[in-house]
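# A look at the structure
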Amino acid sequence: MKWTQSLIPTLREAPADAEIPSHQLLLRAGLIRKLAGGVYTFLPLGLRSLRKIERIIREEMDRAGALEVAMPALQPPEIWEASGRAQTAGDVLFKLKDSSGRQWFLSPTAEEVITTLAANEINSYRQLPKNFYQISVKFRDEIRPRFGLMRAKEFIMKDAYSFDTTDESAMASYQKMFDAHKRIFARCGLQSFPVEADTGVIGGSHSHEFMIPAATGENEVAYCEACGYAANIEKATSGIPKTAAREIGAAIEKFPTPGVVTIEALAKEPYKVAANRQIKTLVYIADSKAILILVRGDDQLNETKLMARTGAVAARPATADECFATLGAKPGSLGAVANVPADVKVFADERLRGANDMTTGANEDGFHLKNVSIERDIKVTQWFDLRTVSAGEPCVKCAKPLKIRRAIEVGHVFKLGTKYSEKLNATFLDADGARKPSVMGCYGIGVTRTLQAIVEQSNDKDGIIWPLAVAPYTVCITPLGVAPGSPAMTLAEKIYTELTARGVDVILDDRDDRPGVKFKDADLVGFPLRISIGEKSLAKGEVELKPRNAPLQAIKAEDAVEAVMKLVGA
Ligand code: ATP
Ligand code: MG
């Protein structure tokens, strides 16, 4: 490809709404353009990288025995009603009506479609196991699309779905996909690591996310360098000790705390109640009902755990008015010892189990209660692990201190079990003639998010540094002086032709521009190799070979092609 024949609109400055390096670089390097918030066009160079990532995914999925299919983006709502997700996934669903008034959903994922297919086409254990995948556009009505391709309303996802006869065989399918994902990210030049994950709205029992460490990532991951334990913060637990029990005896005592509405204020003079001896009482509205959540004063509630444990589809903190309506007091004075209506459930964090000599709100503005023994004085409906782990807490597996880092989720594998197959009748006849639901798994990769994660992980002050396998072009030839028939241009065209004939992706920068401009653009786009041909070095019979992330070397012009072939490993 000749540069002048492509469309590579590089920018000196990043548009103001591009907040993170990868988003800025994708725009500046002329790889993508925004059409609307969360909706992007891929330009020729961006599309080339995208297609290379897709090719790697296809090769690895095929190698793992998955079958490529193409499912429709238009989905009838009935299958979502049948799976029970019309409500639970409701807020991300794009809904539209056709001219007859019939409603449709735009595919955010395809469990319902593939399970419907399996229900119709798979009837015998002899047809199993099967794994189907597709690479297609998905739609999600993200409330806050941001960071370019990272969180878009329209994006490309690879989704795969496995069907097995037994749990054991389903685990083998899961492992195969887990391994395939690992290979895919490695081949894309990414350092990814798997973490234990919450199963969220998709449901299921077992799940891992593939993470790319990045300061700009939207996820937090707790991990242990000593034993390898790693989990999304939404799922992570630690070996932190429970609250120390003290001598019990004293009865509850109400004491005045005028104006004190925070854990910190109560920890100060004159009260001096350490945060770890306080019970924090939170009112949440879960699926339109008020619930109380108790965590220790120095702990933070993890909302994902709350939803996962209670099975709530939607949960949010109650407003001050809703708190008052529930407990007769405002936030800051809330407690669960008295005035808790019978129909309001109380969920307490495990760390409080057995805790006594605690202080909590009195449900009366300006008062707290001390000498509270949680098991004696509070009617806890259910105990759960609800707190968020912090850095430094002992690893749940080996007790060494945990670390926390930010990361980008690029892939997600789930063992679904029979949740969907039961609801959508994806059953098979087993060898013994019994009809059973297939045991399912699902396996997603955010393809467009992966592309941006590569850029986020691999860049410097000059631009992108593409890993070889996914660069839009592997080599950029930059003749300095582009007059047709000039020695530099003639040699450039010769190398271009030879490399292209040998299967290398080459772009020839035939723009009549200053060398500085051309070098800057080549570095910005981030081609792995640049060959510069100037009159001066050419007079010595040499050209310059500049790997994007290594020093320049002068080589004999006639060796250029072989040198490139060696570097690209072809
Ligand atoms: P997130 O937690 O980031 O919203 P998710 O857990 O809802 O993602 P999955 O349903 O697991 O996403 O989808 C599979 C993959 O699709 C994710 O691992 C991610 O890489 C990608 N993905 C999900 N939502 C988006 C989006 N809005 N834009 C781009 N990629 C996305
Ligand atoms: Mg996910």
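Conventions and cut-offs
- Residues numbered from 1 in each chain as written.
- Chains lettered and ligands numbered in written order.
- Predicted model: local features only at pLDDT ≥ 70, side-chain atom pairs only at ≥ 80, totals over all residues.
- Heavy atoms only, no water.
- Helix = DSSP H or I, 4+ residues; strand = E, 2+ residues; numbered from the N terminus.
- Contact = heavy atoms within 4.5 Å.
- Areas by Shrake-Rupley, 256 points an atom, 1.4 Å probe, with all protein chains shown as cover.
- Lys, Arg positive; Asp, Glu negative; His and termini not counted.
- Charge placed at Lys NZ, Arg CZ, Asp CG, Glu CD.
- 1 Å grid on protein atoms, 1.4 Å probe; cavity = no way out; pocket = protein on both sides within 12 Å on 5 of 7 lines; lining within 4 Å.
- Points joined across faces, edges and corners; volume = space filled by probe spheres on them.
- Buried < 20%, exposed > 50% of the residue type's maximum accessible area, 1.4 Å probe, protein only.
- Axes fitted to C-alpha atoms, helices over the stretch in contact; angles between N-to-C directions.
- Parallel < 35°, antiparallel > 145°, perpendicular 65-115°, else oblique.
- Nonpolar A, V, L, I, M, F, W, Y, C, P; charged D, E, K, R; others polar.
- Domains from an automatic or database assignment.
- Pairing = 2+ DSSP bridges.
- Donors = N, O, S within 2.8 Å, 3.2 Å for Na, K, Ca; no water.
- Phe/Tyr/Trp six-rings, centres within 6.5 Å; stacked < 30°, edge-to-face > 60°.
- Lys NZ or Arg CZ within 6 Å of the ring centre and 35° of its normal.
- Near = heavy atom within 4 Å.
- Polar contact = N/O pair within 3.5 Å; in protein donor to acceptor, adjacent residues only side chain to side chain.
- Left-handed = near helix turned anticlockwise from the far one by under 90°.

## So, the overall build of the protein
For the protein, the helix and strand inventory stands at 16 helices and 31 strands. Summarising its shape, the C-alpha atoms of the protein cover approximately 95 × 70 × 50 Å along the three principal directions. Excluding contacts between residues fewer than 6 apart, the proportion of contacts in the protein whose partners are at least 24 apart in sequence is 69%. Counting only carbon and sulfur atoms, one obtains 53% of the accessible surface of the protein, whose full area is about 25,000 Å². Computing the positive centroid from 74 side-chain charges and the negative centroid from 72, the protein places the two 2 Å apart.

## Observations concerning empty space enclosed by the protein
Taken as a whole and assessed by the stated rule, the structure comprises two cavities of 30 Å³ or more. By volume, the largest cavity amounts to about 80 Å³. Around the largest cavity sit Ile 20, Phe 147, Met 150, Arg 151, Thr 216, Gly 217, Glu 218, Asn 219, Ala 407, Ile 408, Glu 409 and Arg 449, which together line it. For the lining of the largest cavity, the element with the most residues is strand 21 (residues 403-417), which contributes three residues.

## Brief notes about the side chain of Ser 6
Relative to the helices and strands, Ser 6 is located in the segment before helix 1 (21-28). The exposure class of Ser 6 is buried, given its relative accessible area of 18%. Aside from chain neighbours lying at most four places away, what touches Ser 6 is Met 1 and Pro 44.

## Re the packing of helix 1 against helix 12 (residues 447-457)
Two numbers describe how helix 1 lies on helix 12: the axes approach to 8 Å, and their chain directions differ by 105°. When the axes of helix 1 and helix 12 are compared, the pair comes out roughly perpendicular. Residue-level inspection shows Pro 21, Ser 22, His 23, Leu 25 and Leu 26 of helix 1 in contact with helix 12, the latter providing Leu 451, Gln 452, Val 455 and Glu 456. Here the contact of helix 1 with helix 12 is built from residues that sort into five nonpolar, three polar and one charged.

## What about the domain arrangement of the protein?
Taken domain by domain, the protein holds domain 1 (16-72 + 108-233 + 404-456), domain 2 (253-384) and domain 3 (473-567). The centre of domain 1, based on its C-alpha atoms, is set 38 Å off from the matching centre of domain 2.

## Regarding the sheet that holds strand 16 (residues 315-317)
Read from one edge to the other, the open sheet built from five strands follows the order 16-14-15-17-20, with strand pairing classed as mixed. Only two strands of the sheet have a single partner each, and these edge strands are strand 16 and strand 20 (382-384). With strand direction ignored, the average angle separating the axes of adjacent strands in the sheet is 35°. Sheet analysis places strand 15 (residues 289-296) next to strand 17 (residues 345-349), joined by four bridges and oriented parallel. Note that in strand 17 the partner of Ile 293 across the bridge is Phe 347. Its contacts with the sheet place helix 8 (residues 303-310) against strand 14 (279-286), strand 15, strand 16, strand 17 and strand 20, and it is angled at close to 135° to strand 16. Contacts from helix 9 (residues 320-327) reach strand 14, strand 15 and strand 16, with the element oriented near 105° to strand 14.

## Structural notes on the coordination of the magnesium ion (ligand 2)
Summarising the metal site, the magnesium ion (ligand 2) is bound by the protein donors Glu 409 (OE) and His 412 (ND1), whose distances to it range over 2.2 to 2.3 Å. Considered together, Glu 409 and His 412 belong to a single accessibility category, that of buried residues.

## Observations concerning the packing of aromatic side chains
This model, assessed by the stated rule, comprises nine aromatic pairs. Ring geometry for Phe 255 and Tyr 271: centres 6.3 Å apart, planes at 50°, overall tilted. Placement of Phe 255 in strand 13 (residues 253-256) and of Tyr 271 in the loop between helix 7 (263-267) and strand 14 is noted, with a sequence separation of 16 residues between them. Judged by its relative accessible area of 10%, Phe 255 is buried. Taking 5.6 Å as the distance between ring centres and 40° as the angle between the ring planes, the aromatic pair formed by Phe 347 and Phe 384 counts as tilted. Taken together, the residues Phe 347 in strand 17 and Phe 384 in strand 20 connect sequence positions 37 residues apart. Take Phe 347 and Phe 384: they sit in the same class, and that class is buried. Each residue in the set Trp 3, Tyr 473 and Phe 527 is aromatic and connected to the rest through ring pairs, giving one cluster. Its guanidinium or amino end placed over the ring of Tyr 473, Arg 48 lies 4.0 Å from that ring's centre, counting from NZ or CZ.

## Focus: the site of ligand 1
Residues in close proximity to ligand 1 total 14 residues, the closest being Arg 140, Glu 142, Arg 151, Ala 152 and Glu 409. Contact distances for ligand 1 include 3.2 Å between an oxygen atom and a backbone N or O atom of Val 410. Calculation on ligand 1 without its partners gives an accessible area of 580 Å², and the protein chains cover 84% of this total. Sorting the residues of the shell around ligand 1 by element identifies strand 8 (154-164) and strand 21 as the ones contributing at least two each. Across the shell around ligand 1, the residue classes tally to six nonpolar, three polar and five charged.

## Here we look at the sheet that holds strand 4 (residues 74-75)
Taken together, three strands build an open sheet; the order of strands is 4-6-5 and the sheet is antiparallel. Taken across any chain shown, the strands that pair with only one partner, and hence form the sheet edges, are strand 4 and strand 5 (94-97). Relative to strand 6 (residues 103-106), strand 4 runs antiparallel, the two sharing two bridges. Within the sheet, the bridge partner assigned to Leu 74 lies in strand 6 and is Leu 106.

## Brief notes about helix 1
Across the eight residues that make up helix 1, a large majority, six, are buried. One or two residues past the end of helix 1 sits Gly 30, with phi positive at roughly 70°.

## Brief notes about the layout of surface pockets
Of the voids in this model, the second largest pocket is the one considered here, and its volume is about 390 Å³. Taken together, 23 residues make up the lining of the second largest pocket; nearest its centre are Lys 280, Thr 281, Leu 282, Gly 332 and Leu 334. For the lining of the second largest pocket, the secondary structure elements donating two or more residues are helix 7, strand 14 and strand 18 (358-361). With six residues, strand 14 is the single largest residue contributor to the lining of the second largest pocket. Here the residues of the lining of the second largest pocket sort into 13 nonpolar, eight polar and two charged.

## Description of the packing of helix 2 (residues 44-63) against helix 12
With their axes 10 Å apart at the nearest point, helix 2 and helix 12 run at an angle of 115° to one another. Considering the angle they form, helix 2 stands roughly perpendicular to helix 12. Handedness of the helix 2/helix 12 crossing: right-handed. Across from Gly 46, Ser 49, Leu 50, Ile 53, Glu 54 and Ile 57 in helix 2, the residues of helix 12 making contact are Val 447, Thr 448, Thr 450, Leu 451 and Ile 454. Among the residues making up the contact of helix 2 with helix 12, the classes are represented as six nonpolar, four polar and one charged.

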